[in-house]
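If you want the building blocks of each chain, they are given just below.
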Amino acid sequence: MGAVPKRKVSRHRRGNRRQHLALTPPVMVTCPRCGELMRAHRVCLSCGYYKGRQVLKVNAE
């Protein structure tokens, strides 16, 4: 016979094991150039700037 648990794992012990599996929302900051919300350390998708330089060309519609 294969590996079988000796006894039932309680809800508390199971929950303690899984307490680090919760998802956290991404960190959002405001763009210093246009003021839109953007992910931290990434290119702003509304203006195309990152660290004061234009990285993406964004079409103004």
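Above this text sits the structure in question.
Residues numbered from 1 in each chain as written. Predicted model: local features only at pLDDT ≥ 70, side-chain atom pairs only at ≥ 80, totals over all residues. Heavy atoms only, no water.

K.L.:
For this particular structure, what's the right way to read the overall build of the chain?
P.N.:
Summing up its helical and strand segments, the chain has 1 helix and 4 strands in all. Moving toward the C terminus, one meets the helices and strands of the chain in the order α-β-β-β-β. Projected onto the principal axes, the alpha-carbon positions of the chain cover approximately 65 × 25 × 20 Å. A sequence separation of at least 24 residues applies to 0% of the contacts in the chain between residues at least 6 apart. (Helix = DSSP H or I, 4+ residues; strand = E, 2+ residues; numbered from the N terminus. Contact = heavy atoms within 4.5 Å.)

K.L.:
I'm lost on the layout of surface pockets in this one. Help?
P.N.:
Reported here for the largest pocket is a volume of approximately 160 Å³. Pro-32, Met-38, Tyr-49, Tyr-50 and Lys-51 are, among the 13 residues lining the largest pocket, the residues nearest its centre. For the lining of the largest pocket, the class distribution of residues is 8 nonpolar, 2 polar and 3 charged. (1 Å grid on protein atoms, 1.4 Å probe; cavity = no way out; pocket = protein on both sides within 12 Å on 5 of 7 lines; lining within 4 Å. Points joined across faces, edges and corners; volume = space filled by probe spheres on them. Nonpolar A, V, L, I, M, F, W, Y, C, P; charged D, E, K, R; others polar.)

K.L.:
I keep staring at the nonpolar core and nothing clicks. Help me out?
P.N.:
In a soluble, globular protein the nonpolar side chains are often hidden away together inside. Judged by nonpolar contacts, Cys-31, Met-38, Cys-44, Cys-47 and Tyr-49 together constitute the single largest core of 5 residues. In contact with Cys-44, not counting residues within four places along its chain, are Cys-31, Cys-34, Met-38 and Tyr-49. (Core = buried A, V, L, I, M, F, W, Y, C linked by side-chain atoms within 4.5 Å. Buried < 20%, exposed > 50% of the residue type's maximum accessible area, 1.4 Å probe, protein only.)

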